[in-house]
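# A closer look at the structure
Now for the letters of each chain:
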Amino acid sequence: MNYYILQQDPRIIEQPSLLRCPENIDPLELLRGKILPVPNTPIHLSLSPRSSDYRGCIIDGIVTLFHEYFIEELTRLGVDNFQCFPVEIMKPEGEIEIAYSLINVIGLLAVL
């Protein structure tokens with residue numbers, strides 16, 4: 001079986017990071033591989049002041065965000081074991097980014 005580890009590249013200096021976990025979402029629930037209820041509105045998040053302007057396809061941390069292009073490509077390739085929850089990311093300068101979604105991977109694999 002092929003598998004991939006998807007994470008933000010830790011070698012990137014001042015990569016984007018989130019200040020805190022979103023309200024009303026338990027990060028442990030995102031690790032259990034179960035379907036979560038869909039929020040009625042976008043999830044509001046804030047970037048850390050150390051975050052640079054660089055944005056990759058993945059923003060990692062206490063929760064994981066995928067860029068809309070990455071989600072489109074995964075869907076095109078037939079990957080369907082995840083939920084996407086749109087987020088509004090507040091940049092340190094006060095601007096809002098809307099190109100990312102919080103990701104919940106559904107299902108767990110047994111590993112050693």
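Up top is the structure these notes are about.
Within each chain, residue numbers correspond to sequence positions counted from 1 in written order. Side-chain atom pairs in this predicted model are given and counted only at pLDDT of 80 or more, local residue features only at pLDDT of at least 70, and totals for whole chains, interfaces and linings cover all residues. Calculated side-chain values reflect all of the structure's heavy atoms, with hydrogen atoms and water omitted.

## Looking at the overall build of the chain
Heads up, the condition is: Helix numbers and strand numbers start at the N terminus; a helix is a DSSP run of H or I with at least 4 residues, a strand a run of E with at least 2. Throughout, the radius of gyration refers to the C-alpha atoms, and the reference size of a globule is 2.2 Å times the residue count to the power 0.38. Here the term buried applies to any residue with accessible area under 20% of the maximum for its type, exposed to any over 50%, and partly exposed to those in between, with areas from a 1.4 Å probe on protein chains only. By definition, residues are in contact when any of their heavy atoms lie within 4.5 Å. Per-residue and other accessible areas follow the Shrake-Rupley method at a 1.4 Å probe size, with only the shown protein chains counted as cover for residues.
Of regular secondary structure, the chain possesses two helices and six strands. Secondary structure elements of the chain, listed N to C terminal, follow the sequence α-β-β-β-α-β-β-β. A compact globule built from 112 residues would reach a C-alpha radius of gyration of about 13 Å, and the chain, at 14 Å, matches this within 12%. Viewed in the frame of its principal axes, the chain has a C-alpha envelope of about 45 × 35 × 30 Å. Within the chain, the fraction of its 112 residues that count as buried is 35%. Sequence-distant contacts in the chain: of pairs separated by 6 or more residues, those separated by 24 or more amount to 66%. Accessible surface computed for the chain: about 8,000 Å², of which carbon and sulfur atoms make up 57%.

## Observations regarding the pattern of salt bridges
Rule in force here: The rule for a salt bridge is simple: a side-chain nitrogen of Lys or Arg has to be within 4 Å of a carboxyl oxygen of Asp or Glu.
Within the structure shown, the criterion is met by four salt bridges. The residue Glu-29 makes a salt bridge to Arg-32 at a minimum N-O spacing of 2.6 Å. Put simply, Glu-97 and Arg-55 hold a salt bridge, and the shortest N to O gap is 2.9 Å. Taken together, the positions of Glu-97 in strand S5 (residues 96–97) and Arg-55 in the loop between strand S1 (43–46) and strand S2 (58–59) put the pair 42 residues apart, joining distant regions of the chain. The class of Glu-97 is buried, set by a relative accessible area of 15%.

## A look at unusual backbone geometry
A positive phi angle, close to 65°, is found at Asn-24, a residue other than glycine. Mapping Asn-24 onto the fold places it in the segment before helix H1 (27–31). Residue Asn-24 is classed as exposed on the basis of its relative accessible area of 81%.

## Comments concerning the nonpolar core
Stated formally: Nine residue types can take part in a nonpolar core, namely buried Ala, Val, Leu, Ile, Met, Phe, Trp, Tyr and Cys, and a core is a set of them joined through side-chain atoms within 4.5 Å.
Residues Ile-43, Leu-65, Val-87, Ile-89, Tyr-100 and Leu-102 are the most contacted members of the largest nonpolar core, which totals 17 residues. Among the secondary structure elements, those contributing two or more residues to this core are S1, strand S4 (82–90) and strand S6 (100–105). Here this core takes three residues from S4, the largest share from any one element. If you look at the next biggest cluster of nonpolar residues, it comprises seven residues, including Phe-66, Phe-70, Ile-71 and Phe-82.

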